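Below are the chains, spelled out letter by letter.
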Amino acid sequence: MESEATFVAPEGVYTVIEEHKPSVLQTHAAATSPLSFPTRVSVITVKYPVKDKDKGGGGQSLAQLLGGNNYSKKDKEKTKEKEKEKEDGTSLSSNDTPPDEQQDDYTAPASPTAHHSHSSTAPANTIFSHHAQNSSSAGKNKKPMTPVKWSKPRSNMKTTNSTFITRTQHAEGFPRSLKDRDGDVTFFFYNQVKTVLWVEAGAKAKEPLSRTMFSAYPTCHSINQFTASPEHLDIIIGFHTGDLIWLDPISSRYHRLNKGGCVTSSACTAVRWVPASASLFLVSHADGTIVVYDRDHEDGTFVPQEPIGTGGIGGDKWDPIDSIFVTMPPWHPAARHGDTDVSDKSDKSIRNPVSHWRVAPKGKAVVDFVFSPDVKYVGAISEDGCLRVIDALAEQLVDCYSSYFGAFTCIAWSPDGRFILTGGQDDLLTIFSPWEQRVVARCQGHSSFVSCVSFDETRCDGRTYRFGSVGEDNKLILWDFSSGALHRPKNHLHSHSHRQSLIGTYSNTSLAFRSRSSGGDDYDLTHSQRYHPAPSRNEVAVVQPVLIKNPLPTAIAFLPKHLLTSTKNGVVKLWVRPLSFKAAGANNRAGR
């Protein structure tokens, strides 16, 4: 039954329903290009207003013939009442909110102040402190009930004389055709050579909604899930020159940041919007740094300091496995003793960057990074073979984990925040528990570098976790992991555990530290070692694959109803997936 367009997993059959291939010109450009950057895909699901399908006549449905039309009239009356309340300024309570509006398919994690009870209190003067106060009232990444008019980029792509954007092409009828959409619509953006394409998933259109061509190579991009709406999309695109473009493809407007590499000329390796923030985003670079930007502010005059350990200025020698080196611009909240609100667009003295972190030694690129679900931590991987867990609020390194061999190449954080998953040049997937400060398991199945890892949120229930991986061996592998079913190695407790780490946020310390401190010694955890060497193979449990498929992908992403894969040269496939556990349970309950 399996072929290039299908494969069978334990839960059912995955089938390709849509495929996007590069054009002849794009293929030729890729073959003759002096530089090569893999295709990356960013996905967003936008909720369009549900249209009244009863308008326009037509035959009655079976439900209407059986009396269902009476209920639909009642529902319409309730909807009209709620709309009238909105017009009158009366807000809806959470109980009045329809289930579909209470949580999006792509819900961002909680705001920085909405941690779990074990999280430590955030310092007052941080880059996220004002954002945390403003977003805490919104709950766990709920979009505002009343429409918010987000700011838009300043420049119009249709009238610009910039040489950085060389050409823009739109589908016929754009953007009026977008108004015909109904319900949940999934879009994805992906890069091919010097072009970024915008496609509607499932539309089976011959041409993308738009093609935007640049003079530089796009290397990464990210869509703001918090501000997305039928009228507005915020996308940040990073380039090999270090430049950044804030793009709204619906209004065809853009704004250029780090223009000409004025902040850093190092290539962008990854970009992420801060979840539940309308303006803040982070960018990692090939020079080993992560830079915090605000889309609403202009670039400032900024020269980052370099620690003495990398040939720059400073006091004590910098140890990259024990700390990150933070350069605070003059407009940083801490530099102004908390008087600066980086989200204040009217304050012209605030510039970019918001903050500058040297994470890895110079010359060792930060390959990728990801936020924890509570937005308090950032997990970053770099070419020096380290996974670093950073407290984004305090701008401090919490823990540093070494790879088994070579560099880490990809990273994902589990939906519940319990585990960090990495892939690397050692052909392994490694599962870390940052709360327990240890490697939980390794996954063996690839025979070459792992290119991408992703959790399937619909099949992660807190006990069992489904995730997928693709590698340079052209394999797509699905994995099922259950921490309770793993054998915990007897010698998992090491003497390295007396340090400040995530375990400290539980108001507990490790067994090793408690045994030492009971002897009367006073340890300063804030200056102790944070480095965790990689355990040997016989100390760590091994997870075996659930399924191995050879469809030649280099990236993978799980969507609510689909699986998305892409190859290095820009072939994007959309696979329809079997009915998920959650969807099946909902249907069973509805059938009763």
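In case you missed it, the structure is sitting above this.
These numbers were taken from a predicted model, which means no experiment stands behind them.

All right, on to the overall build of the protein chain then. Each helix and strand in the protein chain was counted, giving six helices and 34 strands. Looking at the protein chain as a whole, 50% of its 592 residues qualify as buried. For the protein chain, contacts bridging at least 24 residues in sequence account for 63% of all contacts bridging at least 6. Approximately 27800 Å² of the protein chain is accessible, and the part contributed by carbon and sulfur atoms is 50%.

If you look at the biggest cluster of nonpolar residues, it comprises 26 residues, and the most contacted ones within it are Leu-178, Phe-187, Trp-198, Phe-214, Leu-233, Ile-237 and Ile-245. Counting residues per element, the ones that place at least two in this core are strand S3 (41–48), strand S6 (183–192), strand S7 (195–200), strand S10 (235–239) and strand S11 (244–248). Not counting residues within four places of it along the chain, the set of residues in contact with Phe-187 comprises Ser-42, Val-43, Ile-44, Val-46, Tyr-48, Leu-178, Trp-198, Val-199, Glu-200 and Leu-209. The next biggest cluster of nonpolar side chains, apart from the first, holds 21 residues, and it includes Val-354, Trp-357, Phe-371 and Val-378.

Pro-175 follows Phe-174 through a cis peptide bond whose omega is 0°. Within the secondary structure, Pro-175 is located in the loop between strand S5 (165–170) and S6. A cis amide bond, omega 5°, links Asn-352 with the succeeding residue Pro-353. Among the structural elements, Pro-353 can be located in the loop between strand S16 (325–327) and strand S17 (355–358). In this structure, Ser-252 takes a positive phi of about 55° despite not being glycine. Mapping Ser-252 onto the fold places it in the loop between S11 and strand S12 (253–257). Of note, the phi angle at Val-375 is positive, near 65°, even though the residue is not glycine. Within the secondary structure layout, Val-375 lies in the loop between strand S18 (366–371) and strand S19 (377–382). On the basis of relative accessible area, Val-375 is assigned to the buried category, the value being 2%.

To continue, consider the pairing of strand S15 (residues 289–294). When you tally the buried positions in S15, you get six out of six residues, the bulk of the element. The alternating pattern of S15 places Thr-289, Val-291 and Tyr-293 and Ile-290, Val-292 and Asp-294 on opposite faces, both of which are buried. Bridge count between strand S14 (residues 280–285) and S15: five bridges; the pairing is antiparallel. In the sheet register, Leu-282 faces S15, and the bridge partner there is Val-292. Hairpin geometry of S14 and S15 is characterised by an intervening segment of three residues between the two adjacent antiparallel strands and by a positive phi of about 90° at Gly-288. Pairing analysis gives four bridges linking S15 to S17, with the strands arranged antiparallel. Along S17, the bridge assignment pairs Thr-289 with Arg-358.

Take the sheet that holds strand S34 (residues 572–576) next. Spatial ordering of the open sheet is given by S1-S2-S34-S33-S32, a layout of five strands whose pairing is antiparallel. A single partner strand is all that each edge strand has here, and the edge strands are strand S1 (6–9) and strand S32 (555–558). Taking the axes of each pair of neighbouring strands and ignoring which way they run, one obtains an average angle of 25° across the sheet. With four bridges connecting them, S32 and strand S33 (residues 562–566) associate as antiparallel partners. Looking across to S33, one finds that Ile-556 is bridged to Thr-565.

What follows deals with the packing of aromatic side chains. One pass over the structure, following the stated rule, counts 22 aromatic pairs. Look at Phe-7 and Tyr-14: their rings are 4.8 Å apart centre to centre, the planes differ by 10°, and that puts the pair in the stacked class. By the burial criterion, Phe-7 is buried, and Tyr-14 matches it. Between Phe-419 and Phe-481, the aromatic rings sit 5.2 Å apart at their centres with planes inclined by 85°, giving edge-to-face as the arrangement. One end of the pair, Phe-419, is in the loop between strand S22 (408–413) and strand S23 (420–424); the other, Phe-481, is in strand S28 (residues 476–482), with 62 residues separating them in the sequence. Each of the two residues, Phe-419 as well as Phe-481, counts as buried.

Another aspect to go through is the sheet that holds S18. Spatial ordering of the open sheet is given by S18-S19-S20-S21-S29, a layout of five strands whose pairing is mixed. Two strands bound the open sheet, and with one partner strand each, they are S18 and strand S29 (531–532).

Moving on: the environment of Leu-421. With respect to the helices, strands and loops of the structure, Leu-421 is situated in strand S23. Here the alpha-carbon distance between Leu-421 and Phe-432, two residues eleven residues apart in the chain, equals 6.4 Å.

A few words now on the state of the cysteines. Under the counting rule described, the total for this entry stands at zero disulfides. In this structure Cys-268 is not part of a disulfide, and its nearest cysteine sulfur, from Cys-220, lies 5.2 Å away.

The next point concerns the environment of Gly-417. Its location among the elements puts Gly-417 in the loop between S22 and S23. C-alpha separation for the pair Gly-417 and Phe-371, spaced 46 residues apart in sequence, amounts to 9.5 Å. In this view, Gly-417 contacts Pro-373 and Trp-435; residues no more than four positions away in its chain are not counted.

Moving on to the pairing of S10. The buried fraction of S10 amounts to five of the five residues, a majority that puts the element mostly inside the structure. Alternating positions in S10 separate into two faces, Ile-235, Ile-237 and Phe-239 on one and Ile-236 and Gly-238 on the other, with burial throughout. In terms of strand pairing, strand S9 (residues 218–223) meets S10 through five bridges, oriented antiparallel. Counterpart to Cys-220 in the pairing with S10 is Gly-238. Where S10 and S11 come together, four bridges link them in antiparallel fashion. By the bridge assignment, Ile-236 is partnered in S11 with Trp-246.

Let's shift gears to the pattern of salt bridges. On inspection of all chains with the given rule, the structure shows 18 salt bridges. One salt bridge in this structure joins Arg-530 and Asp-322, with 3.5 Å as the shortest N-O distance. Within this pair, whereas Arg-530 is found in the loop between helix H5 (511–517) and S29, its partner Asp-322 is found in the loop between S15 and S16, the two being separated by 208 residues in sequence. Here Lys-376 and Asp-391 are joined by a salt bridge, their closest N and O atoms 3.0 Å apart. With Lys-376 in the loop between S18 and S19 and Asp-391 in strand S20 (residues 386–391), this pair connects stretches of sequence that are 15 residues apart. Taken individually, Lys-376 and Asp-391 each receive the classification buried, so the pair is uniform in this respect. Overlapping salt bridges bring together Glu-11, Arg-459, Arg-466 and Asp-480 as one network.

What counts and how
- Residues numbered from 1 in each chain as written.
- Predicted model: local features only at pLDDT ≥ 70, side-chain atom pairs only at ≥ 80, totals over all residues.
- Heavy atoms only, no water.
- Helix = DSSP H or I, 4+ residues; strand = E, 2+ residues; numbered from the N terminus.
- Buried < 20%, exposed > 50% of the residue type's maximum accessible area, 1.4 Å probe, protein only.
- Contact = heavy atoms within 4.5 Å.
- Areas by Shrake-Rupley, 256 points an atom, 1.4 Å probe, with all protein chains shown as cover.
- Core = buried A, V, L, I, M, F, W, Y, C linked by side-chain atoms within 4.5 Å.
- Pairing = 2+ DSSP bridges.
- Axes fitted to C-alpha atoms, helices over the stretch in contact; angles between N-to-C directions.
- Phe/Tyr/Trp six-rings, centres within 6.5 Å; stacked < 30°, edge-to-face > 60°.
- Disulfide = S-S within 2.5 Å.
- Salt bridge = Lys/Arg side-chain N within 4 Å of Asp/Glu carboxyl O.

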